[in-house]
Amino acid sequence: MTPSAAHPGSGHLHPPKVEVFDVDAGTNTDPKGFVRQVDTYRSEPFGLYMARPTPGHPRLAYFRSWLLPSLGLRVGSWSWHPGCEESFDYYLDVVNISRVGNVWRTKDLYLDLLVTSGSAVQVVDVDELLSALGSGLVDAEEAEWALTVTHRTVDGLSGSGYDLDKWLTGHGIALSWKP
């Protein structure tokens with residue numbers, strides 16, 4: 001599958017996607033403004049876990065993710081509808097994460113990494129970041145930070161044999177995908 005199919009909207013100039021995670025309300029407001037009910041939120045010292053269905057999505061059945069502020073990443077693990085499975089295991093978004101109380105916000109900085117456990121990491125949407133920078137949707141400091149996060153992540157994953165859990169353990173992070 002092409003990266004643009006894995007990441008709907010890829011290749012089109014758009015403002016950075018902002019998402020809201022309201023733990024107390026049990027909701028997730030997606031970048032289009034749709035408020036989704038969340039099945040599970042779990043806060044850990046290193047981040048926030050969310051699990052929710054993806055109603056009406058043609059390919060995704062269920063979505064789980066971790067917000068990892070210290071790394072500037074959102075790590076996603078998707079469950080696919082039958083026949084729509086993908087070859088990657090994790091989808092990493094490069095994001096700025098902020099938190100006020102129990103409300104977390106992400107600002108997606110366009111770059112994404114597709115991790116295939118044990119064999120590869122692919123960086124996608126570099127064209128989107130460059131277009132956003134050129135049009136003033138992000139500034140040079142944000143773009144540089146996004147590239148730094150991406151390079152650090154690729155280096156870390158490759159040095160860990162493309163084992164996401166092994167790399168994260170080196171940062172004191174142990175992800176659990178169950179409620």
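Residues numbered from 1 in each chain as written. Predicted model: local features only at pLDDT ≥ 70, side-chain atom pairs only at ≥ 80, totals over all residues. Heavy atoms only, no water.

> Looking at this structure, how should I read the pairing of strand S10 (residues 120–124)?
Moving residue by residue along a regular strand, the side chains alternate between the two faces of the sheet. In terms of strand pairing, strand S9 (residues 103–116) meets S10 through five bridges, oriented antiparallel. Bridge pairing in S10 places Thr-116 opposite Ala-120. Count of turn residues in the S9/S10 antiparallel hairpin: three residues, of which Gly-118 carries a positive phi of about 80°. (Pairing = 2+ DSSP bridges. Helix = DSSP H or I, 4+ residues; strand = E, 2+ residues; numbered from the N terminus.)

> How do you make sense of a nonpolar patch on the surface when you look at a structure like this?
Judged by side-chain polarity, Val-123, Val-126, Leu-130 and Leu-133 come together as a nonpolar surface patch covering roughly 290 Å² of accessible area. Inspection of the secondary structure puts Val-126 in helix H2 (residues 126–135). In this structure Val-126 comes out as partly exposed when scored by relative accessible area, which is 37%. (Patch = residues over 30% accessible without salt bridge, like charges linked within 9 Å, V, L, I, M, F, W, Y side chains within 5 Å. Areas by Shrake-Rupley, 256 points an atom, 1.4 Å probe, with all protein chains shown as cover. Salt bridge = Lys/Arg side-chain N within 4 Å of Asp/Glu carboxyl O. Buried < 20%, exposed > 50% of the residue type's maximum accessible area, 1.4 Å probe, protein only.)

> In this structure, what is going on with the nonpolar core? I would like to understand it.
Ranked by size, the top nonpolar core spans 30 residues in total, and within it Leu-68, Val-75, Leu-92, Val-94, Leu-164, Leu-168 and Leu-175 carry the most contacts. Grouped together as the second largest cluster of nonpolar side chains are 14 residues, Leu-60, Phe-63, Tyr-91 and Val-124 included. (Core = buried A, V, L, I, M, F, W, Y, C linked by side-chain atoms within 4.5 Å.)

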